[in-house]
Amino acid sequence: MFELTVVDHFAAAHALENYGGKCESLHGHNWKIEVTVQGRGQDEAGLVIDFALLKALTKEVLAELDHAFLNDLPAFRGSSPSSENIARHVFDRLAGALAQKGPPGVRLVRVTAWESETAKVSWLGPDV
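The following refers to the structure shown.

How each quantity is defined
- Residues numbered from 1 in each chain as written.
- Predicted model: local features only at pLDDT ≥ 70, side-chain atom pairs only at ≥ 80, totals over all residues.
- Heavy atoms only, no water.
- Axes fitted to C-alpha atoms, helices over the stretch in contact; angles between N-to-C directions.
- Helix = DSSP H or I, 4+ residues; strand = E, 2+ residues; numbered from the N terminus.
- Parallel < 35°, antiparallel > 145°, perpendicular 65-115°, else oblique.
- Left-handed = near helix turned anticlockwise from the far one by under 90°.
- Contact = heavy atoms within 4.5 Å.
- Nonpolar A, V, L, I, M, F, W, Y, C, P; charged D, E, K, R; others polar.
- Expected span 1.5 Å × (residues − 1).
- Phe/Tyr/Trp six-rings, centres within 6.5 Å; stacked < 30°, edge-to-face > 60°.
- Buried < 20%, exposed > 50% of the residue type's maximum accessible area, 1.4 Å probe, protein only.
- Pairing = 2+ DSSP bridges.

### Points about the packing of helix 1 (residues 51-63) against helix 2 (residues 83-101)
At step 1: Running from amino to carboxyl end, helix 1 crosses helix 2 at an angle of 135 degrees, the nearest separation of the two axes being 10 Å. Taken together, helix 1 and helix 2 sit at an angle that is classed as oblique. Considering the relative orientation of helix 1 and helix 2, their crossing is right-handed. Across from Leu-53, Leu-54, Leu-57, Thr-58, Glu-60, Val-61 and Leu-62 in helix 1, the residues of helix 2 making contact are Val-90, Arg-93, Leu-94, Ala-97, Leu-98 and Lys-101.
At step 2: Residues of the contact of helix 1 with helix 2, tallied by class, amount to nine nonpolar, one polar and three charged.

What follows is the structure in structure tokens.
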């Protein structure tokens, strides 16, 4: 089994809901997002998935978040735009994009959202 990871980033603002501390106030982060997929099969070039395709699909998903006030986005209505919920949202959107545009047998296994150099959270999907 091969595991491939790409890294991208976006900048956005949010205000954590029901937090009870200073992070309930408007503030921002430069999130680093790691996307990890798995697959066994390789194409004629020896690739499980072209890194360029995986990067492009990741960029499409992150473009929806970049330079946004996350609390205003439909994806976070009814849930606080925490790094946990960001990782899950990116996972869900990217899993759908991979199912449509990715090679067969490649599955998304993890999205990690770094909100700082020392703090990260990973979503492994609903089936783990």
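### Description of helix 2
At step 1: Across its 19 residues, helix 2 extends 26 Å between first and last C-alpha, which sits within 8% of the 27 Å expected from 1.5 Å per residue.
At step 2: If you follow the buried residues of helix 2, they end up packed against strand 1 (2-14), strand 2 (27-39), helix 1, strand 3 (107-116) and strand 4 (119-123).

### Regarding the packing of aromatic side chains
At step 1: Taken as a whole and assessed by the stated rule, the structure comprises one aromatic pair.
At step 2: Ring centres of Phe-10 and Trp-31 lie 5.1 Å apart, and the angle between their planes is 15 degrees; this geometry places the pair in the stacked category. Pair noted here: Phe-10 is in strand 1 and Trp-31 is in strand 2, with a separation of 21 residues, a long-range link.
At step 3: Accessibility expressed as a relative area gives 1% for Phe-10, which makes it buried.
At step 4: When its relative accessible area of 0% is taken as the criterion, Trp-31 is described as buried.

### So, the sheet that holds strand 1
At step 1: Spatially, the four strands line up as an open sheet ordered 1-2-3-4, and their pairing is antiparallel. Each having just a single partner strand, strand 1 and strand 4 make up the two edges of the open sheet. On average, each strand axis in the sheet is inclined to that of its neighbour by 20 degrees, with strand direction left out of account.
At step 2: In this structure, strand 1 lies alongside strand 2, joined through 13 bridges in antiparallel fashion. Bridge pairing links Ala-12 to His-29 in strand 2.
At step 3: Across the sheet, helix 1 is in contact with strand 1 and strand 2; its angle to strand 1 comes to roughly 20 degrees.
At step 4: Where helix 2 meets the sheet, it contacts strand 1, strand 2, strand 3 and strand 4, and its direction lies at approximately 145 degrees from that of strand 3.

Function-wise, these values are silent; they only describe arrangement.
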